[in-house]
Amino acid sequence: MTGILLIGIAIAWLVAAIAITRSVARRFNSLPVKVLGSVVLFPALLVLPMVDELIGKQQFESLCKKYAVQFIDEPHAMNRRVVLMSPRHDQFVEGTVIPIRIQPWTYKDAETDRVLVSFHTLHAKGGWLIRSLGISETSSPLLFHRGCAPKDQFEFAKKFNITVIN
């Protein structure tokens, strides 16, 4: 049902973008100006409802490349007992067009308090369109996956025989 609603909204916006473009183009007397105006205005109007997600996707992918990388202190990690250090509150990235939450995962050696494993996972909300419609429980983006993490992020426990004690 949500898909049908989104298709209906997309069709309605397409019709509105055509109508607005025609209305603006009619105000000009010169045919080249009408064509140029239409060629510029129509695509701009078409992507307008999703522009924040288009920009947010680029920002999210860039942050994922930077933060969703796992560090393992391999020489000291084998057969250890670790404690997961939880952040006190959610951390949101500043300066992005969509809300992006970054969650640190830090595992410290229970005996030495040394960081043995660390990485981040990232979670994005969708743009203003999906959030304002209220049709998604998670407000997931429409144009990209809402989360990223290192591949096999918890495999380190098996590989290094690490026991997480909390």
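Scroll up to find the structure this text is about.
Once a new chain begins, its residue numbering starts again from 1 and follows that chain's sequence as written. Predicted model: local features are reported for residues with pLDDT of at least 70 only, side-chain atom pairs are reported and counted for 80 or more only, and whole-chain, interface and lining totals are derived from all residues. Based on all heavy atoms of the structure, the side-chain values leave hydrogens and waters out of the count.

Undergrad: For this particular structure, what's the right way to read the pairing of strand S2 (residues 81-85)?
TA: The side chains of a regular strand alternate between both faces of the sheet. Strands were regarded as paired on the criterion that DSSP finds at least two bridges between them. Helix and strand definitions here come from DSSP, where helices need a minimum of 4 consecutive H or I residues and strands a minimum of 2 consecutive E residues; each element is numbered from the N-terminal end. Of the pairings in the sheet, the one linking S2 to strand S7 (residues 163-164) comprises two bridges and is parallel in character. What sits directly across from Val-82, in S7, is Val-164.

Undergrad: Whenever I open this one, the layout of surface pockets confuses me. Can you help?
TA: Any space left empty among the atoms is revealed by the rolling of a water-sized probe across them. Site definitions follow a grid-based scheme: protein atoms alone, a 1 Å grid, a 1.4 Å probe that fits but cannot get out for cavities, and for pockets an open set with protein on both sides within 12 Å along at least five of seven lines, plus lining residues having an atom within 4 Å of a point. Grid points are joined across faces, edges and corners, and a volume is the space filled by probe spheres set on the points. Estimated volume of the largest pocket: approximately 230 Å³. The element best represented in the lining of the largest pocket is helix H1 (residues 2-26), accounting for six residues. Three classes are used, and their members are as follows: Ala, Val, Leu, Ile, Met, Phe, Trp, Tyr, Cys and Pro are nonpolar, Asp, Glu, Lys and Arg are charged, and the others, Gly among them, are polar. Among the residues making up the lining of the largest pocket, the classes are represented as eleven nonpolar, no polar and no charged.

Undergrad: Just checking my understanding: could you explain the nonpolar core for this structure?
TA: Soluble globular proteins tend to pack their nonpolar side chains together in the buried interior. Throughout this description, the term nonpolar core refers to a set of buried Ala, Val, Leu, Ile, Met, Phe, Trp, Tyr and Cys residues connected via side-chain atoms within 4.5 Å. Under the scheme applied here, a residue whose accessible area is under 20% of the maximum for its type counts as buried, over 50% as exposed, and between as partly exposed, the area being computed with a 1.4 Å probe on protein chains only. One finds Phe-60, Leu-63, Cys-64, Ala-68, Ile-98, Ile-100, Ile-102, Leu-122, Ala-124, Phe-144 and Cys-148 forming the largest nonpolar core, which totals eleven residues. Put simply, the parts of the chain that give this core at least two residues each are helix H3 (51-67), strand S4 (100-109) and strand S5 (115-124). With three residues, the top contributor of residues to this core is H3. Any pair of residues with heavy atoms lying within 4.5 Å of one another is described as a contacting pair. Among all residues touching Ala-68, those that are not within four sequence positions of it are Leu-63, His-120, Leu-122, Cys-148, Ala-149 and Pro-150. Listed in part, the ten residues of the second largest apolar core include Leu-116, Val-117, Phe-119 and Ile-162.

Undergrad: What is the right way to look at the state of the cysteines in this model?
TA: Working definition: the covalent bond between the sulfur atoms of two cysteines is a disulfide. The disulfide definition used here is simple: a pair of cysteine sulfur atoms within 2.5 Å. Tallied over the full model, the rule gives one disulfide. Paired through a disulfide, Cys-64 and Cys-148 show a sulfur-sulfur distance of 1.9 Å. With the S-S dihedral at roughly -100 degrees, the linkage between Cys-64 and Cys-148 falls on the left-handed side. Of the two residues, Cys-64 sits in helix H3 while Cys-148 sits in strand S6 (residues 147-148), which places them 84 residues apart along the sequence.

Undergrad: Would you mind showing me how to read the packing of H1 against helix H2 (residues 31-47) here?
TA: The description of two packed helices rests on the angle between their axes and on the distance between the axes. Direction vectors running N to C along H1 and H2 enclose 155 degrees, while the axes themselves pass 9 Å from each other. Taken together, the axes of H1 and H2 are roughly antiparallel relative to one another. As for the relative orientation of H1 and H2, their crossing is right-handed in sense. Here Trp-13, Leu-14, Ala-17, Ile-18, Ile-20, Thr-21, Val-24, Ala-25 and Arg-26 of H1 come into contact with H2, specifically with Lys-34, Ser-38, Leu-41, Phe-42, Leu-45 and Leu-46. Axis lines are fitted through C-alpha atoms, for helices just across the contact stretch, and the angle between N-to-C directions can take any value from 0 to 180 degrees. Any angle that is under 35 degrees is reported as roughly parallel, and any over 145 degrees as roughly antiparallel; angles of 65 to 115 degrees are reported as roughly perpendicular and all others as oblique. Crossing chirality is assigned from the near helix's rotation relative to the far helix, an anticlockwise turn below a right angle marking it left-handed and a clockwise turn marking it right-handed.

Undergrad: I tried to follow the pattern of salt bridges on my own but got confused; where do I start?
TA: A side chain of one charge can pair with a side chain of the opposite charge when the charged atoms of the two come close. Take a side-chain nitrogen of Lys or Arg and a carboxyl oxygen of Asp or Glu: if they are within 4 Å of each other, that pair is a salt bridge. All told, the structure shown has four salt bridges when counted by the stated rule. Among the ionic pairs, Arg-114 bridges to Asp-73, the shortest N-O distance being 2.8 Å. Taken together, the residues span a long stretch of sequence, with Arg-114 in the loop between S4 and S5 and Asp-73 in the loop between strand S1 (71-72) and helix H4 (74-77) at a distance of 41 residues. Relative accessible area serves as the criterion here: at 40%, Arg-114 is assigned to the partly exposed category. Members of the salt-bridge network, linked through shared partners, are Arg-80, Asp-109 and Glu-111.

Undergrad: Looking at this structure, how should I read H1?
TA: Every α-helix winds through 3.6 residues per turn, so residues three or four apart in the chain are directed the same way. In this scheme, a helix's expected span is set at 1.5 Å multiplied by one less than its residue total. If you check H1, its first and last C-alpha atoms are 36 Å apart, about what 25 residues at 1.5 Å a residue would give, namely 36 Å. Within the sequence span of H1, burial applies to Ala-17, Thr-21 and Ala-25. The secondary structure elements touched by the buried residues of H1 are H2.

Undergrad: Can you help me understand the environment of Asn-161 in this one?
TA: Of note, Asn-161 is situated in the loop between helix H6 (156-159) and S7. Judged by its relative accessible area of 46%, Asn-161 is partly exposed. Sequence-wise, Asn-161 and Arg-80 are 81 residues apart; in three dimensions their C-alpha atoms are separated by 7.0 Å. With residues near it in sequence (within four places) discarded, Asn-161 still touches Asn-79, Arg-80 and Phe-156. Among the polar contacts listed, one links the side chain of Asn-161 to the side chain of Asn-79, at a separation of 2.7 Å. For this analysis, a polar contact is any N or O atom pair within 3.5 Å, provided that within protein one partner can donate a hydrogen and the other can accept it, and provided that sequence-adjacent residues contribute only side-chain to side-chain pairs.

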